[in-house]
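Commentary on secondary and tertiary structure
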Amino acid sequence: MAPKQVNSFPSVPLKDELDIVIPTIRSLDFLEVWRPFFEPYHLIIVQDGDPTKVIKVPDGFDYDLYNRNDINRILGPKASCISFKDGGCRCFGFLVSKKKYIYTVDDDCFVAKDPNGKDINTVEQHLLNLKTPSTPFFFNTLYDPYREGADFVRGYPFSLREGVPTAVSHGLWLNIPDYDAPTQLVKPLERNTRYVDAVMTIPKGAFYPMCAMNLAFDRELIGPAMYFGLMGDGQPISRYDDMLAGWCSKLICDHLNLGVKTGLPYLWHSKASNPFVNLKKEYKGLFWQEEIIPFFQTLTLPKECDTAAKCYVELAKLIKEKLNHIDPYIVRLADAMITWIDAWEDFNPPAEAVPAVANAKKDAVPPKKSK
Ligand SMILES: O=c1ccn([C@@H]2O[C@H](COP(=O)(O)OP(=O)(O)O[C@H]3O[C@@H](CO)[C@H](O)[C@H]3O)[C@@H](O)[C@H]2O)c(=O)[nH]1
Ligand SMILES: [Mn+2]
């Protein structure tokens, strides 16, 4: 029985281990309030919308900024799998990063305070979540057993106390909650004021609505599954970018015995997007999901799928085969999932790839600009 890991916050920023990916179609002024926590890290900014618009990055940050022209130049025909005019474009940042961990955050999210009035360093908490094990096979009723001041409760099998590696850390939001359009419409003034001091592993076999506003993950474990789909311009659906990635990544985490955590850290979500615009963007998802989610709930991947990429390719095939009756879009989506994996492997060659070829491809990506 392995000694229980007692976790403490990483003492220094782990800038060599983590990139921060920000999709934006507006402004990056929000970075000012995050400076104490974000400045040590490399930012990958994915500028959506009009590439001729100049989006200013506040001085002092180390960043690469990619607009649509860069994405097209770098990916060539494979750029077709990256959404345009939807926050899902952020997954381009996941593709080009070279770091083990990714933290992705929206540009209308700010630093929240904990009940003691202390500013919450979301990066630190996410790293802690990712660096400590998950417990998907048996629920610990005292929540995260690896946390200071907690442990496994009586009756928790000792054979399961080592836990499994954590692949995803899903943070939450105070103020504007991530509601769908119908809920936003009927509860326009509702604000989330409840700070729940807990981190929980989402049990194996359970799915969840993954929101990308405050999300971190281990690229090496689950990166290939973090594709944010074909959304926005020219597509029949939007605002289901992170939902798709959530369903796919959770199925694959369950298959590979990896963990997904939700809860701390919180951030402050400031902007309520227009519920009528959102309804138009997401309405197909509201009814498609009633069929898509049971598909994921009843799916078993073959045991030969022993990496996230292999699982993802198999999943794309099954989606194309089993869900194409929903809408012709599903076929395009499944094809785009394969294109994504092709692009992923151009930048992140599988271990068995020929080093010479892999290096040539990897070096073909000059960033647009960095400081
Ligand atoms: O066309 C676009 C629209 C937005 N973005 C960037 O994406 C994020 C989120 O945008 P926004 O805050 O307007 O969206 P919300 O309604 O608050 O939240 C949705 O976004 C996803 C979570 O991230 C999910 O779909 C919903 O929860 C901002 O950074 C925008 O700048 C974009 O790049 N292109
Ligand atoms: Mn928002």
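Sequence order sets the numbering: in each chain, residues are counted from 1 along the sequence as written. Note on labels: chains are lettered from A, ligands numbered from 1, in written order. At least 70 in pLDDT is required for a residue's local features to be given in this predicted model, at least 80 for side-chain atom pairs to be given and counted, and no such filter applies to totals for whole chains, interfaces and linings, which use all residues. Each side-chain value is worked out from all heavy atoms of the structure, with water and hydrogens disregarded.

**Some thoughts on the coordination of the manganese ion (ligand 2)**
Filter applied, for reference: Here a donor is any nitrogen, oxygen or sulfur atom (N, O, S) within 2.8 Å of the metal, with 3.2 Å used for Na, K and Ca; water is not among the atoms considered, so some sites may look incomplete. Only DSSP runs of H or I covering at least 4 residues are called helices, and only runs of E covering at least 2 are called strands; the numbering of each starts at the N terminus. Residue exposure (1.4 Å probe, protein chains only): buried if accessible area is under 20% of the type maximum, exposed if over 50%, otherwise partly exposed.
Taken together, the protein ligands of the manganese ion (ligand 2) are Asp108 (OD) and His269 (NE2), with distances of 1.9 to 2.2 Å. Of this pair, Asp108 sits in the loop between β4 (101-105) and β5 (109-110) while His269 sits in strand β9 (residues 259-269), and the two are 161 residues apart along the sequence. The pair formed by Asp108 and His269 is uniform in burial state, with each residue classed as buried.

**Some words on the UniProt feature "site: Required for activity" (unreviewed entry) in the protein chain**
The following threshold applies: UniProt positions are given in the numbering used here, feature names are shortened, and annotations may be inferred rather than shown by experiment. Throughout, a contact is declared for two residues whenever any of their heavy atoms are within 4.5 Å.
Under the present numbering, the feature "site: Required for activity" (unreviewed entry) in UniProt falls on Arg154 and Arg161. By secondary structure assignment, the location of Arg154 is in the loop between α4 (122-131) and β6 (166-175). Tracing the chain through its elements places Arg161 in the loop between α4 and β6. Look past the residues within four positions of Arg161 in its chain and what remains in contact with it is Tyr146, Phe152, Val153 and Tyr156.

**Structural notes on the pattern of salt bridges**
Keep this limit in mind: Salt bridge criterion: a side-chain nitrogen from Lys or Arg within 4 Å of a carboxyl oxygen from Asp or Glu.
Per the stated rule, a full pass over the model turns up 22 salt bridges. Asp59 serves as the salt-bridge partner of Lys56, at 3.5 Å between the closest nitrogen and oxygen. Assigned by exposure class, Lys56 and Asp59 land together as exposed. In this structure, the salt-bridge partner of Asp119 is Lys113, at a minimum N-O distance of 2.6 Å. By relative accessible area, which is 37% here, Asp119 ends up partly exposed. Three or more residues joined by partner-sharing salt bridges are found here, namely Arg26, Asp107 and Asp108.

**Looking at the side chain of Thr24**
Just so we agree on the cut-off: Side-chain atoms alone can form a polar contact between residues adjacent in sequence; in general such a contact is a pair of N or O atoms within 3.5 Å, and within protein one must be able to donate a hydrogen while the other accepts it.
Examined against the element boundaries, Thr24 turns out to sit in strand β1 (residues 18-24). A polar side-chain atom of Thr24 sits 3.2 Å from the main-chain amide nitrogen of Arg26. Leave out the neighbours within four places in its chain, and Thr24 touches Ile45, Val46, Gln47, Asp48, Ile55 and Asp107.

**Things to note about the site of ligand 1**
Let me state the cut-off plainly: If even one non-hydrogen atom of a residue comes within 4 Å of a molecule or strand, that residue is called near it. All accessibility values rest on the Shrake-Rupley procedure with a 1.4 Å probe; residue burial counts only the protein chains present in the view.
Around ligand 1, the surrounding shell holds 22 residues, and the nearest of these are Asp48, Asp106, Asp107, Arg239 and Ser273. Within the side chain of Asp108, an N or O atom sits 2.9 Å from an oxygen atom of ligand 1. Side-chain polar atom of Arg239 to an oxygen atom of ligand 1: 2.5 Å apart, as the coordinates give it. About the coverage of ligand 1: the protein hides 91% of its 660 Å² of free accessible area.

**Describing the environment of Arg26**
With respect to the helices and strands, Arg26 occurs in the loop between β1 and α1 (31-38). Classification of Arg26 as partly exposed rests on a relative accessible area of 34%. Sequence-wise, Arg26 and Lys187 are 161 residues apart; in three dimensions their C-alpha atoms are separated by 26 Å. Residue contacts for Arg26: discarding those within four places in its chain leaves Lys53, Ile55, Asp107, Asp108 and Lys271. Side-chain polar atoms of Arg26 contact the side chain of Asp107, separated by 2.7 Å.

**Structural notes on the packing of aromatic side chains**
Aromatic ring pairs are defined here through the distance separating the ring centres and the angle between the ring planes. What counts is decided by this rule: The aromatic pairing rule takes the rings of Phe, Tyr and Trp, using the six-membered ring of Trp, and pairs them if the centres are within 6.5 Å, calling planes under 30 degrees apart stacked, those over 60 edge-to-face and the rest tilted. By definition here, charges over rings are those cases where NZ of Lys or CZ of Arg is within 6 Å of the ring centre and within 35 degrees of the ring normal.
By the definition in use, this model includes 19 aromatic pairs. Between the aromatic rings of Trp247 and Phe296, the centroid separation amounts to 5.8 Å while the plane-to-plane angle is 45°, which identifies the pairing as tilted. Of this pair, Trp247 sits in helix α7 (residues 241-255) while Phe296 is found in helix α8 (residues 275-297), placing the two residues 49 residues apart along the sequence. Ring centres 5.6 Å apart and planes at 45° place the aromatic pair Trp340 and Trp344 in the tilted group. In this pair, Trp340 and Trp344 both sit in helix α10 (residues 328-347), four residues apart, roughly one turn of the helix. Taking relative accessible area as the criterion, Trp340 reaches 0% and is therefore assigned buried. Taken together, the aromatic side chains of Phe207, Tyr240, Trp247, Phe295 and Phe296 make up a single cluster linked through ring pairs. Positioned over the ring face of Phe158 is Arg161, at 3.6 Å from the centre of the ring.

**What about unusual backbone geometry?**
Here the amide bond leading from Leu264 into Pro265 is cis, since omega sits at 5°, within 30 degrees of zero. Structurally, Pro265 is set in strand β9. Even without being a glycine, Lys85 presents a positive backbone phi close to 65°. Mapped onto the secondary structure, Lys85 falls in the loop between α2 (68-75) and α3 (91-96). Phi at Asn257 takes a positive value of approximately 55°, unusual for a residue other than glycine. By secondary structure assignment, the location of Asn257 is in the loop between α7 and β9. In this structure Asn257 comes out as partly exposed when scored by relative accessible area, which is 35%.

**A short note on the confidence of the model for the protein chain**
The test is simple: By definition, pLDDT measures how confident the predictor is in each residue, and it falls between 0 and 100.
Averaged over the protein chain, the pLDDT score is 93; the fraction of residues at 70 or greater is 92%. Predicted confidence is poor over residues 354-364, with pLDDT under 50, and the contacts of this stretch with residues over four places away or in other chains come to six contacts. The complex model carries a pTM of 0.93, and its ipTM stands at 0.97.

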